[in-house]
Amino acid sequence: MPRPIHAVIHTQALRHNMDIMRTRAADAKLWAVVKANAYGHGIERVFDAFRAADGFALLDLQEAERVRALGWRGPIVLLEGVFELRDLELCSRLGIWHAVHCDAQIDMLAAHKTHVPHRVFLKLNGGMNRLGFKPQSYRAAWSRLNALPQVEEISLMMHFSDADGAPGIAQQLAVFEAATEGLPGERSICNSAATLRFAASDAQARQDWVRAGIALYGSSPNYPSATVQDWNLLPTMSLRSAIIGVQHLQPGDTVGYGSRFVADSPMTIGVVACGYADGYPRICDTGTPVLVDGVRTRTIGRVSMDMLAVDLTAAKAQGKPADFGSEVTLWGQASASHGFTVLPIDEVAAHAQTLGYELMCAVAPRVTMQTQD
Ligand SMILES: *Cc1c(COP(=O)(O)O)cnc(C)c1O
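Remember, predicted model here, so these are calculated numbers, not experimental data. (Residues numbered from 1 in each chain as written. Predicted model: local features only at pLDDT ≥ 70, side-chain atom pairs only at ≥ 80, totals over all residues. Heavy atoms only, no water.)

**Looking at the site of the ligand**
Spelled out, the test is: A molecule or strand has a residue near it when one of that residue's heavy atoms lies within 4 Å. Each polar contact in these results corresponds to two N or O atoms within 3.5 Å; when the atoms are within protein, one needs to be able to donate a hydrogen and the other to accept it, and residues that are neighboring in sequence are counted only if both atoms are side-chain atoms. Note on areas: these come from Shrake-Rupley sampling with a 1.4 Å probe, and a residue is covered only by the protein chains present in the view. Classification used: nonpolar for Ala, Val, Leu, Ile, Met, Phe, Trp, Tyr, Cys and Pro, charged for Asp, Glu, Lys and Arg, polar for all others including Gly.
Every residue near the ligand is listed here: Val33, Lys35, Tyr39, Leu79, His159, Asn191, Ser192, Arg211, Gly213, Ile214 and Tyr357. Contacts to the ligand include Tyr357, whose side-chain N or O atom sits 2.6 Å from an oxygen atom. Out of a free accessible area of 390 Å², the ligand has 93% covered by protein chains. Residues of the shell around the ligand, tallied by class, amount to 5 nonpolar, 4 polar and 2 charged.

Structure representation (structure tokens):
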């Protein structure tokens with residue numbers, strides 16, 4: 001039998017979150033962002049649930065090929081555009097749209113021999129200073145693209161730097177409006193945070209296409225200001241394992257490497273088959289929330305490569321003694337027999353000083369994944 005650790009991908013939850021984002025984005029079209037192998041879920045595992053999207057947004061041509069191989073004939077867009085001239089041939093062949101964010105990419109288009117003119121998303125750098133043309137050079141880039149026979153249609157895009165935080169989107173939205181005023185073409189500016197917080201009530205922010213990533217995967221883009229419950233989103237990935245050892249401690253006994261945890265009273269701990277080599281963050285120290293048989297408890301001591309320890313004292317006191325084989329949910333939802341109790345990935349991420357994004361993308365290849373309805 002393999003180690004009991006596995007990740008469950010919840011198809012119904014993916015569908016539910018898609019419905020929520022569709023409703024929130026009202027009349028806009030929706031890109032399902034499936035970069036990073038669908039935020040660690042696996043493109044093939046999320047595809048059916050996300051068919052309800054208007055298109056798939058991703059970074060890698062190989063990922064685009066996988067979406068086409070699944071039979072998707074609708075829009076696909078490369079959010080970072082192409083990396084070399086050869087990539088454009090595949091875009092022509094597979095009908096893939098792509099961002100254009102710098103002069104080098106326009107040069108490549110100009111040198112590209114094709115009978116299939118491309119649809120491109122011209123990217124504005126609205127102040128994030130990652131990718132895109134500055135407002136003062138945006139129109140010149142648009143004109144250059146517009147003059148190319150290789151280009152059929154130009155859409156306009158931008159990415160917010162603070163849609164999840166206090167600054168919000170007003171200032172960069174104004175930059176976008178000014179830079180694109182009078183230009184024809186569809187527009188796309190909102191990620192999950194901007195869609196949930198602003199676009200739901202503001203058509204000017206919503207524009208033609210929203211780009212939903214993290215919300216589709218059941219993590220709140222602006223935790224802890226809002227939780228997944230606040231947004232009515234459901235966990236789509238559950239990292240589950242089992243207890244493979246039990247220890248009874250006396251006051252003064254220690255747990256794990258570095259003897260970082262010292263028991264101050266008699267207690268029972270469970271040893272779980274999950275460690276940092278499975279993608280569970282080592283930085284999570286004593287006190288990170290975890291579910292044992294659906295009952296919420298905490299981790300104890302250091303996370304090691306293949307194991308971590310959890311406190312079973314409370315479960316025992318409640319008359320639910322956990323033992324070898326008991327189910328442990330590191331994040332997501334407990335199984336049906338344990339009432340589907342939810343432990344949002346955002347809570348675990350907060351203890352790891354990171355975001356749900358990073359945890360779901362970092363699940364290690366040795367963790368088997370299975371889908372469940
Ligand atoms: C990743 C990404 C998104 C999706 O962001 P979420 O915060 O996951 O919704 C949208 N737009 C671009 C350009 C991205 O790179």
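**Side note on the sheet that holds strand β5 (residues 97–100)**
Selection rule: Two strands are said to pair when DSSP picks up at least two bridges between them. The secondary structure listing takes helices from DSSP runs of H or I that are at least 4 residues long and strands from runs of E that are at least 2 residues long, numbered from the N terminus. Where helices are involved, their axes are fitted lines through C-alpha atoms of the stretch in contact, as for all axes, and angles between N-to-C directions lie from 0 to 180°. Note on definitions: a residue-residue contact is assigned when non-hydrogen atoms from the two residues lie within 4.5 Å.
Strand order in the closed barrel formed by 8 strands is β2-β3-β4-β5-β6-β7-β8-β9, with parallel pairing between adjacent strands. In this sheet, neighbouring strand axes are inclined to one another by 30° on average, regardless of whether the strands run parallel or antiparallel. Strand direction decides the pairing type here: strand β4 (residues 76–78) and β5, joined by 2 bridges, are parallel. Its bridge partner lying in β5, Leu78 is registered against His98. Lying on the sheet, helix α6 (residues 103–111) is in contact with β5, β6 (118–124) and β7 (151–158); it crosses β5 at an angle near 135°.

**Some points on the UniProt feature "active site" (unreviewed entry) in the chain**
Counted only if it meets this: UniProt positions are given in the numbering used here, feature names are shortened, and annotations may be inferred rather than shown by experiment.
Here the UniProt feature "active site" (unreviewed entry) sits at Lys35 and Tyr257. The greatest C-alpha distance among the residues just named is 36.1 Å, and with 223 residues of sequence between them they are spread in space as well. Relative to the assigned elements, Lys35 resides in helix α2 (residues 35–39). Residues in contact with Lys35, not counting those within four places in the same chain, are Ala57, Leu58, Leu59 and Glu63.

**Remarks on unusual backbone geometry**
Across the junction of Tyr223 and Pro224, the peptide omega takes the value 5°, indicating a cis bond. By secondary structure assignment, the location of Pro224 is in the loop between β9 (209–212) and α11 (228–231). The backbone of Ser259 sits at a positive phi, close to 45°, despite the residue not being glycine. By the element assignment, Ser259 lies in the loop between β11 (254–255) and β12 (261–262).

**Quick look at the state of the cysteines**
In plain terms, the rule: For this text, the term disulfide refers to a pair of cysteine sulfurs within 2.5 Å. For each residue, the accessible area found with a 1.4 Å probe, counting protein chains only, is set against the maximum for its type, and the residue is called buried under 20%, exposed over 50%, and partly exposed in between.
Applying the stated criterion across every chain yields a total of 0 disulfides. We note that Cys284 lacks a disulfide partner, and the nearest cysteine sulfur, in Cys274, lies 9.6 Å from it. Classification of Cys284 by relative accessible area gives buried; the value is 0%.

**Quick look at the pairing of strand β2 (residues 29–33)**
Within β2, 4 of the 5 residues are buried, leaving the element largely enclosed by the surrounding structure. For β2 and β9, the ladder comprises 4 bridges, and the chain directions are parallel. By the bridge assignment, Ala32 is partnered in β9 with Ala212.

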